[in-house]
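Residue-level listing of the chains:
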Amino acid sequence: MELTSKQTKVANLSLRGSRGWLILILLLLLLLAGGLVFRQLTAVRLGQSTVGLTPLTELGSQKYHGAEGGLYPGGSNERPSAHNAAGIEIARDIRPLAGNGTVDETNGKIGFVAVGMSNTSMEFETFQEQADDIPQLNPPVVFVDGAQHGKASQFVANPDDEYWTVLDERLAEAGLSNEQVQVVWLKNARARSNFPFPLDALLLKADLREIVELLHERFPNLKIVYLSSRTYGGYATSDLNPEPFAYQSAFAVKWLIEDQLDGDVRLNYDPEKGTVYAPWLSWGPYLWADGLAEEGEGFVWEQSDFAFDGTHTSPSGQAKVSGLLYHFLRTDDTVVPWFLSSESAQ
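Residues numbered from 1 in each chain as written. Predicted model: local features only at pLDDT ≥ 70, side-chain atom pairs only at ≥ 80, totals over all residues. Heavy atoms only, no water.

Let's shift gears to the overall build of the protein. Within the protein one finds 11 helices and seven strands. With 346 residues in all, the protein has 50% of them scored as buried. Considering only intrachain contacts with a sequence separation of at least 6, the fraction spanning at least 24 residues in the protein is 73%. Carbon together with sulfur atoms contributes 53% to the accessible area of the protein, which is approximately 16300 Å² in total. (Helix = DSSP H or I, 4+ residues; strand = E, 2+ residues; numbered from the N terminus. Buried < 20%, exposed > 50% of the residue type's maximum accessible area, 1.4 Å probe, protein only. Contact = heavy atoms within 4.5 Å. Areas by Shrake-Rupley, 256 points an atom, 1.4 Å probe, with all protein chains shown as cover.)

Another aspect to go through is the side chain of Asn119. Relative to the elements of secondary structure, Asn119 occurs in helix α4 (residues 118-129). Setting aside anything within four residues of it in sequence, one finds Asn119 in contact with Lys187, Arg230, Thr231, Thr311, His312 and Thr313.

Our focus in this paragraph is the environment of Gly101. With respect to the helices and strands, the residue Gly101 is situated in the loop between α3 (81-92) and β3 (110-116). With 78 residues separating them along the chain, Gly101 and Glu179 place their C-alpha atoms 4.9 Å apart.

This brings us to the packing of α4 against helix α9 (residues 315-331). One way to put it is that α4 packs onto α9 with a least axis distance of 8 Å and a crossing angle of 65°. Here α4 runs over α9; the crossing is right-handed. Mapping the contact onto sequence places Met122, Glu123, Phe124, Thr126 and Phe127 in α4 and Gln318, Ala319, Val321, Ser322, Leu325, Tyr326 and Leu329 in α9. Each residue belonging to the contact of α4 with α9 can be placed in one class, and the counts come to eight nonpolar, three polar and one charged. (Axes fitted to C-alpha atoms, helices over the stretch in contact; angles between N-to-C directions. Left-handed = near helix turned anticlockwise from the far one by under 90°. Nonpolar A, V, L, I, M, F, W, Y, C, P; charged D, E, K, R; others polar.)

Right, let's get into the pattern of salt bridges. According to the stated counting rule, one finds 14 salt bridges in the structure shown. Between Arg192 and Asp239 there is a salt bridge, and its shortest N-O distance comes to 3.2 Å. Note that Arg192 is positioned in the loop between β5 (181-187) and α7 (199-218) and Asp239 in the loop between β6 (224-228) and α8 (245-261), a separation of 47 residues in sequence. Residue classification places Asp239 among the partly exposed positions, given a relative accessible area of 32%. In this structure, Asp259 and Lys205 form a salt bridge, with 2.7 Å as the shortest nitrogen-oxygen distance. You can see Asp259 sitting in helix α8 and its partner Lys205 sitting in helix α7, a full 54 residues away along the chain. Where salt bridges share partners, they join Lys205, Arg209, Glu213, Asp259 and Asp264 into one cluster. (Salt bridge = Lys/Arg side-chain N within 4 Å of Asp/Glu carboxyl O.)

Quick look at the packing of aromatic side chains now. Using the criterion set out here, one finds 26 aromatic pairs in the structure. Considering the side-chain rings of Phe124 and Phe127, the 5.6 Å spacing of their centres and the 35° angle between planes classify their relative orientation as tilted. Highlighted residues: Phe124 and Phe127, both in helix α4, separated by three residues, approximately one helical turn. A residue is classified by how much of its surface remains accessible, and Phe124, at 0% relative accessible area, is buried. According to the relative accessible area criterion, Phe127 is buried, its value standing at 1%. Here the aromatic cluster, defined as three or more aromatic residues joined through ring pairs, consists of Tyr64, Phe197, Tyr232, Tyr235, Tyr247, Phe251, Trp255, Trp288, Phe299, Trp301 and Phe306. The cationic tip of Arg266 hangs over the ring face of Tyr277; the distance from NZ or CZ to the ring centre is 4.0 Å. Here the basic side chain of Lys320 rests over the ring of Trp301, its NZ or CZ set 5.6 Å away from the ring centre. (Phe/Tyr/Trp six-rings, centres within 6.5 Å; stacked < 30°, edge-to-face > 60°. Lys NZ or Arg CZ within 6 Å of the ring centre and 35° of its normal.)

This paragraph deals with a nonpolar patch on the surface. Together, Phe195, Leu199 and Leu202 make up a nonpolar patch on the protein surface, roughly 250 Å² of accessible area in all. Note that Phe195 resides in the loop between β5 and α7. For Phe195, a relative accessible area of 39% gives the class partly exposed. (Patch = residues over 30% accessible without salt bridge, like charges linked within 9 Å, V, L, I, M, F, W, Y side chains within 5 Å.)

Contact geometry for α7 and α8: axes closest at 8 Å, N-to-C directions at 50°. Classified by the interaxial angle, the pair formed by α7 and α8 is oblique. For the crossing formed where α7 meets α8, the hand is right-handed. Seen from α7, the contacting residues are Asp200, Ala201, Leu202, Leu204, Lys205, Leu208, Arg209 and Val212; seen from α8, they are Phe245, Gln248, Ser249, Phe251, Ala252, Val253, Trp255, Leu256 and Asp259. A per-class count over the contact of α7 with α8 returns 11 nonpolar, two polar and four charged. (Parallel < 35°, antiparallel > 145°, perpendicular 65-115°, else oblique.)

On to the pairing of β6, then. Counting buried residues along β6, five of its five residues qualify, which places the element largely inside the surrounding structure. Of the two faces of β6, the one lined by Ile224, Tyr226 and Ser228 and the one lined by Val225 and Leu227 are each fully buried. As defined by bridge partners, β5 adjoins β6 across five bridges and the pair is classed as parallel. Bridged to Leu186 within β6 is Leu227. (Pairing = 2+ DSSP bridges.)

What follows is the structure in structure tokens.
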């Protein structure tokens, strides 16, 4: 029996509707599968008060998936002596500079800039709010929060990203020229990086390396960059930067610094060894701890230290990072010569 024209149209519409529902069902299945893959990649480490990982500062010569712990080679948390001596010498050469980059002990400035993402910005802002109460702070030091919301490492590593335009504006607002920027605190991470270790850390390392090179190009008198990795990510409720990726970001910092220690020509900071392509690199404060699991001196991250997403720090979390940064700046041998007044630094 042949179908009428009207019956044919109805049949075609019915078939199209069936295909539409089939496509919709397939899309839903793909989304569900993607969620399951994400959960597997993160080892179901969302909303966890501890994840059972050992901070690099406690890992020492032990291994994490074949990678040695410690902030520096050999599982050590101390800078190699030669690198530390070089850092101290560089720190002593940091002087107040005029806008054209010449030494000006009377009116010159020492620009100290934070570079990175939203967490970095919020934490550095908290630090800045307390800066006026820092005892013996060297008067020429000028703090600038150059970190910006939504600017993960893959954006900051792009020289054409608006990040750099905004940074220039903030420097101008603080009365600083590019020639007066001499120290940077760099803390950043890749957004939604769910590649298996060590690929995720290697990608972040590549971003950080590019950022360091860009900083050197833009700020001709930049002497030192202190790096920090992420805070605890176990309370995260999204895929922005949960565990174990927050923990693993520390290996990116560790390996970048080790490249400089190993004599990587493109990271050379010493003019006596050839063309300078980078500032002197070092760990700043290490910020990771396994949630509520006490390690070392008992430093912990509570859920209240984070906002609703478990990723961005809350006021109490920002205060913790600010406190760790302040302690580092007050005590590190490569900071004291330029950060504190000459009388207190002696």
